[in-house]
Amino acid sequence: MNRAELSPSLMCADVFELRETLRVFGQCGVEYLHIDVMDGVFVPNFCLGTDFCRQLRAETSIPLDVHLMITEPEKKLAAFPIGAGDLVSVHLESADRIDGALTAIRARGAKAFLALNPDTPVDAILPHLPLLDGVLLMTVYPGFAGQTMTPDSLDRIARLRALLDRCGRPEVRIEVDGNVNYEKAPLMRAAGADLFVSGSSGVFRRGDLRENIAAMRALLQ
Ligand code: DX5
Ligand code: ZN
């Protein structure tokens, strides 16, 4: 099984504390910074963007995990400061030319992930599998933090893991996003997920940030 890694969701961070939060993430060896980009069209909300990514770049060397919840991502990728080591997800439901978007991400040296909404069958990834480094499985409907996991999420993770193994691609990662809390994260791990977006019920829940990160890591061994 791939190593379990953390990607805290910065839409859940306190903006007034962000510099200190990034410092703690660096000290704790957090692997990615999850950045939710929303355009108010693909999802009914607005969130984070290119300038935010650029400012993060200047402040930290932690790789970016850019989750694009926007229409026509293939036309907008060039505006994002992504490069080697970063990870970018585009939604299968958001683009007609999904392979073009995945190819453009790889051309920048970044890892290409395909994101699936809860209602999209997991085998919809198959035509795109040769271009994939990972799959981002939404475990809530995209757009808002603080929701409850959709009921068939664990089953979807297990089915996707089995599908990837059957296709001879066990190294393709499964990222889970939405309601990844202390109770559900170990179940998601057991089902086959290996990259954990951690938001309002994970590392950003009440309490000490360092302790929350350590607790999540201990649960994901
Ligand atoms: C929702 C976003 C998530 C969100 C997760 O559309 O993609 O990254 O921040 O937040 P929680 O963990 O609170 O569900
Ligand atoms: Zn996200």
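Fair warning: this is a prediction, and the values are worked out from it, not measured in the lab.

Definitions and limits used
Residues numbered from 1 in each chain as written. Chains lettered and ligands numbered in written order. Predicted model: local features only at pLDDT ≥ 70, side-chain atom pairs only at ≥ 80, totals over all residues. Heavy atoms only, no water. Near = heavy atom within 4 Å. Polar contact = N/O pair within 3.5 Å; in protein donor to acceptor, adjacent residues only side chain to side chain. Areas by Shrake-Rupley, 256 points an atom, 1.4 Å probe, with all protein chains shown as cover. 1 Å grid on protein atoms, 1.4 Å probe; cavity = no way out; pocket = protein on both sides within 12 Å on 5 of 7 lines; lining within 4 Å. Sits in = over half its atoms within 2 Å of the grid points. Helix = DSSP H or I, 4+ residues; strand = E, 2+ residues; numbered from the N terminus. Nonpolar A, V, L, I, M, F, W, Y, C, P; charged D, E, K, R; others polar. Salt bridge = Lys/Arg side-chain N within 4 Å of Asp/Glu carboxyl O. Buried < 20%, exposed > 50% of the residue type's maximum accessible area, 1.4 Å probe, protein only. Contact = heavy atoms within 4.5 Å. Donors = N, O, S within 2.8 Å, 3.2 Å for Na, K, Ca; no water. Tetrahedral: all angles 85-135°; square planar, octahedral: opposite > 155°, others 65-115°. Core = buried A, V, L, I, M, F, W, Y, C linked by side-chain atoms within 4.5 Å. Points joined across faces, edges and corners; volume = space filled by probe spheres on them. Pairing = 2+ DSSP bridges. Axes fitted to C-alpha atoms, helices over the stretch in contact; angles between N-to-C directions.

1. Section: the site of ligand 1
Okay, step 1: Every one of the 20 residues lining ligand 1 counts as a neighbour, but Ser9, Asp36, Gly143, Asp177 and Ser200 are closest to it.
Okay, step 2: One of the backbone nitrogen or oxygen atoms of Gly143 is found 2.7 Å away from an oxygen atom of ligand 1.
Okay, step 3: Protein chains bury 100% of the 380 Å² of accessible surface belonging to ligand 1 in isolation.
Okay, step 4: Comparing atom positions with the cavity grids shows ligand 1 to sit within the largest pocket.
Okay, step 5: Residue assignment for the shell around ligand 1 shows that the elements contributing at least two residues are β2 (33-39) and β4 (64-69).
Okay, step 6: Considering every element that reaches the shell around ligand 1, the biggest residue donor is β2, with three residues.
Okay, step 7: Its residues assigned to classes, the shell around ligand 1 shows nine nonpolar, nine polar and two charged.

2. Focus: the pattern of salt bridges
Okay, step 1: A full pass over the atoms with the stated rule returns 14 salt bridges.
Okay, step 2: A salt bridge links Asp51 to Arg54, with the nearest nitrogen and oxygen atoms 3.0 Å apart. Of the two residues, Asp51 and Arg54 are both situated in helix α2 (residues 50-59); the distance of three residues between them amounts to about one turn of the helix.
Okay, step 3: For Asp51, a relative accessible area of 52% corresponds to the exposed category.
Okay, step 4: By sharing partners, the salt bridges in this structure join Arg3, Glu5, Glu31, Arg161, Arg173, Asp194 and Arg217 into a single network.

3. Section: the environment of Met11
Okay, step 1: Mapped onto the elements of the fold, Met11 is located in the loop between β1 (5-8) and α1 (18-28).
Okay, step 2: Between the C-alpha atom of Met11 and that of Ile35, which follows or precedes it by 24 residues, the distance is 6.9 Å.
Okay, step 3: If we ignore the near neighbours within four places in the chain, the residues touching Met11 are Asp36, Met38, Cys47, Leu48, Gly143 and Ala145.

4. Quick look at the coordination of the zinc ion (ligand 2)
Angles between donor atoms at a metal ideally measure 109.5 degrees for a four-coordinate tetrahedral arrangement and either 90 or 180 degrees for a six-coordinate octahedral one.
Okay, step 1: Within the protein, His34 (NE2), Asp36 (OD), His67 (ND1) and Asp177 (OD) serve as the donor atoms for the zinc ion (ligand 2), at 2.0 to 2.3 Å.
Okay, step 2: For the zinc ion (ligand 2), the six donor atoms are set out with angles of 68 to 166 degrees between them, so the coordination reads as octahedral.
Okay, step 3: When the donors of the zinc ion (ligand 2) are listed by position in the chain, the intervening gaps give H-x1-D-x30-H-x109-D. Of this pair, His67 sits in strand β4 while Asp177 sits in strand β8 (residues 173-177); the two residues are 110 residues apart in sequence, bridging distant segments of the chain. Accessibility assignment for this pair places His67 and Asp177 in one class, buried.

5. Details of the nonpolar core
Okay, step 1: Residues Phe25, Val66, Leu68, Ile125, Leu160 and Phe196 are the most contacted members of the largest nonpolar core, which totals 61 residues.
Okay, step 2: In contact with Leu68, not counting residues within four places along its chain, are Val37, Pro73, Leu77, Phe80, Val88, Ser89, Val90 and His91.
Okay, step 3: With five residues, the next largest nonpolar core counts Met38, Phe42, Cys47 and Met69 among its residues.

6. Observations concerning the layout of surface pockets
Okay, step 1: In this structure, the largest pocket spans a volume of roughly 240 Å³.
Okay, step 2: Lining the largest pocket are 25 residues, with Phe144, Ala145, Asp177, Gly178 and Asn179 positioned closest to its centre.
Okay, step 3: Secondary structure elements with two or more residues in the lining of the largest pocket: β2, β4 and β9 (195-198).
Okay, step 4: Among the residues forming the lining of the largest pocket, the class breakdown is 12 nonpolar, 11 polar and two charged.

7. So, the sheet that holds β2
For sheets, the rule is that strands pair by backbone hydrogen bonds, running either parallel or antiparallel.
Okay, step 1: A sheet is described by the order of its strands in space; here nine strands give the open sequence β1-β9-β8-β7-β6-β5-β4-β2-β3, paired in mixed fashion. Among the strands making up the open sheet, the edge pair consists of β1 and β3 (46-47).
Okay, step 2: Inspection of the sheet shows strand β5 (residues 87-91) paired to strand β6 (residues 111-116) by five bridges, in the parallel sense. The residue bridging Leu87 from the neighbouring strand is Lys111, located in β6.
Okay, step 3: Sitting on the sheet, helix α5 (residues 153-166) is in contact with β6, β7 (134-138) and β8, with an inclination near 165 degrees to β8.

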